[in-house]
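Observations on chain architecture
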Amino acid sequence: MRAGVAVRDVTPPLGTAMSGFVARTSPATGVHDPLLVHALVVEDTALVTVDVVGLHEDDCTRIRQRCAVPADRVVVHATHTHGGPASMRGRLGGPVDEAWLEHVITTCVDAVDAAFARAERVEVHAGYGAGPGVARNRRRPDGPVDDALPVVHLRRPGGSLLACVVSYACHPVVLGADNTLLTADYPGVVRQVLAERLGAPVLFVTGCAGDANTGHAASASISTAATASRTFAECERVGRRVASAALAASPAPGPTHVTAARLEVPLGLDVRDQDPGEIAAWETEAAPADPARAALLRCWAGWGRRQLTGSARPGSWTGSVTVLRWGPAVLVALPGEPFAAAAHEVRAHADPRDTVLVAGYCDGYPGYLPPAEEYAHGGYEVAEAHRYYGLPGPFAAGGSERLTAIAASLLREPQQGGLAPADPE
């Protein structure tokens, strides 16, 4: 098969608003490491990764429609770094620098087209590295994690490496809300270490990491206080551990065919009437609160006021599931922020001979998609995060299961091209 790769820098200017922590109100004060776009084209399919917390589905559509390869065979993935700029209008803070965002969209298209234009013969090798043991379930000690480490090598006929793809399911939040330096977080370290050792560009794909990080609760991020466990030194340690596990993998060749399948999936939202008294309570509590807590409460109150005055409160959101097969490697691209259970369920339906990368944050990022069993546990991801995302309500229970069922069906019956119709209710 034929493949090409391209890398571009999309680091924004200093002073840009950052995103990923509601408690952090300071803009970017410096650059620790560059924010990058990586594009990999295999035949007429493409994966483009962007070092941002997320991209709106409308912007992902714009990217896909402008590429030289068919739009329904392109996956746009956000690595989900919380050390990057505001990148989605109306979601996760802001304001968004519109000129910079347009530059990101144009750069993604340029990278895909450049990779397509310079495609050369390769053989795809794939396999799993030993689990690095980095991820921890951040919601409950007995909760699942996905410690799988899929590794894909694209090798030229002479044996040299064109590109590498590595995926892992752990939130890129080693750095906390006190950090104001632009950074790709630990995925940037993984890429740098592997690229230096392998002599080729490396794409990092963040897995289903909605309930996983390196060991702190989501509530720990509602603070701008520095902590000893969330430093650039720790980021380096985590990234090198993942990279070392990836280097120990032994990817092997397999089938040589390339296929793509894509399905649009409507997901219900649990939209309820907003209580004006609750909004007033948030505003009252915010006044004497510490700055980080006050920022959170003001975000909640602002969301509530918009719900009261807004004329349209949609009861559903439509995303997509895409499955790209590159010989022995299979990329299952899911929207939003799925949990580890989704990855386990998808792999349970895959051919055990395949190396399966189950990615979240693809082609749209509207928020968390917990499995049904997590709703009883409540918490930020289930009951509160939709306010930061600007949605009128959280996703209704069953959404994650619907996505994984669609992924399983696409794995069983991969299509050669074209956009599949929306699944029946």
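Heads up: the structure comes first, above all this text.
Here is what the cut-offs are and how they apply
Residues numbered from 1 in each chain as written. Predicted model: local features only at pLDDT ≥ 70, side-chain atom pairs only at ≥ 80, totals over all residues. Heavy atoms only, no water. Buried < 20%, exposed > 50% of the residue type's maximum accessible area, 1.4 Å probe, protein only. Helix = DSSP H or I, 4+ residues; strand = E, 2+ residues; numbered from the N terminus. Pairing = 2+ DSSP bridges. Axes fitted to C-alpha atoms, helices over the stretch in contact; angles between N-to-C directions. Parallel < 35°, antiparallel > 145°, perpendicular 65-115°, else oblique. Left-handed = near helix turned anticlockwise from the far one by under 90°. Contact = heavy atoms within 4.5 Å. Nonpolar A, V, L, I, M, F, W, Y, C, P; charged D, E, K, R; others polar.

Focus: the pairing of strand E4 (residues 36-42)
Looking down a regular strand, the side chains alternate between one sheet face and the other. Burial analysis of E4 places 7 of its 7 residues in the buried class, which makes it a mostly covered element. Where strand E1 (residues 2-9) and E4 come together, 7 bridges link them in antiparallel fashion. Across the sheet, glycine 4 pairs through a bridge with valine 41, a residue of E4. Strand direction decides the pairing type here: E4 and strand E5 (residues 45-50), joined by 6 bridges, are antiparallel. Among the inter-strand pairings, histidine 38 is bridged to a residue of E5, identified as threonine 49. Hairpin connection, E4 to E5: the antiparallel pair is bridged by 2 residues, and glutamate 43 has positive phi, about 55°.

Quick notes on the packing of helix H3 (residues 186-198) against helix H4 (residues 232-247)
Close contact between H3 and H4 brings their axes to 8 Å; oriented N to C, the two are set at 45°. Here H3 is positioned oblique relative to H4, judged by the angle of their axes. You can see that H3 and H4 cross each other, and the crossing is right-handed. Here Tyr186, Val189, Val190, Val193, Leu194, Arg197 and Leu198 of H3 lie close against H4, whose contacting residues are Cys235, Glu236, Val238, Gly239, Arg240, Val242, Ala243, Ala246 and Leu247. Here the contact of H3 with H4 is composed, by residue class, of 12 nonpolar, 1 polar and 3 charged.

Just geometry here; none of it tells us what the structure is for.
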